[in-house]
Amino acid sequence: MAEIRAGSSSKFTFTLTDAAGVAVPAVAVVTLTLSLINVDTDAAIGLWTNRNVLNVNGGTVIDGGGTITIPGSDNAMVSTTAASELHLAVLKFTTATEAGSGELTFTVERVHA
């Protein structure tokens, strides 16, 4: 499981494959969205509810996958007391003929002064 220091930016790499396991060409991707969720509260984090990341908002798509950069302001701790908390990233995509999704759970750790 990925671990991120609270307030630090993060970069995730993803793959996009169709139902047969074949890499999806970048030109075939019609929509690509990301949601960030606090696992303990099930609340959305920042503006990350089905946010468009198809070559905008920190997302870059290439044939078969890409990367998403999440700014440090959106990797903040929601809890004011916990030493760490779990966040969930939900990535969804569509092509003209298919839809797919994937999830990544990661730990955000409080930075101690």
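Fair warning: this is a prediction, and the values are worked out from it, not measured in the lab.

Cut-offs and rules
Residues numbered from 1 in each chain as written. Predicted model: local features only at pLDDT ≥ 70, side-chain atom pairs only at ≥ 80, totals over all residues. Heavy atoms only, no water. Helix = DSSP H or I, 4+ residues; strand = E, 2+ residues; numbered from the N terminus. Buried < 20%, exposed > 50% of the residue type's maximum accessible area, 1.4 Å probe, protein only. Contact = heavy atoms within 4.5 Å. Phe/Tyr/Trp six-rings, centres within 6.5 Å; stacked < 30°, edge-to-face > 60°.

1. Considering the side chain of T95
Okay, so step 1: Along the chain, T95 turns up in the loop between β8 (84-94) and β9 (99-109).
Okay, so step 2: Here T95 falls in the buried class, since its relative accessible area comes to 15%.
Okay, so step 3: With near-sequence residues (within four places) excluded, T95 lies in contact with V24, A28 and V30.

2. Here's the deal with the packing of aromatic side chains
Okay, so step 1: Taken as a whole, this structure holds one aromatic pair when the rule is applied.
Okay, so step 2: When the centroid spacing of 5.2 Å and the interplanar angle of 45° are considered together, the rings of F12 and F106 count as tilted. Placement of F12 in strand β2 (residues 10-15) and of F106 in strand β9 is noted, with a sequence separation of 94 residues between them. We note that F12, like F106, is buried.

3. A short note on unusual backbone geometry
Okay, so step 1: Phi is positive for D42, close to 60°, though the residue is something other than glycine.
Okay, so step 2: Within the secondary structure, D42 sits in the loop between β3 (31-38) and β4 (43-44).
Okay, so step 3: With relative accessibility at 64%, the residue D42 sits in the exposed group.
Okay, so step 4: In the Ramachandran plot, N57 falls in the positive-phi region, its phi being about 55° despite a non-glycine side chain.
Okay, so step 5: On the secondary structure map, N57 appears in the loop between β5 (51-52) and β6 (59-62).

No statement about biological role is implied by the geometric values presented.
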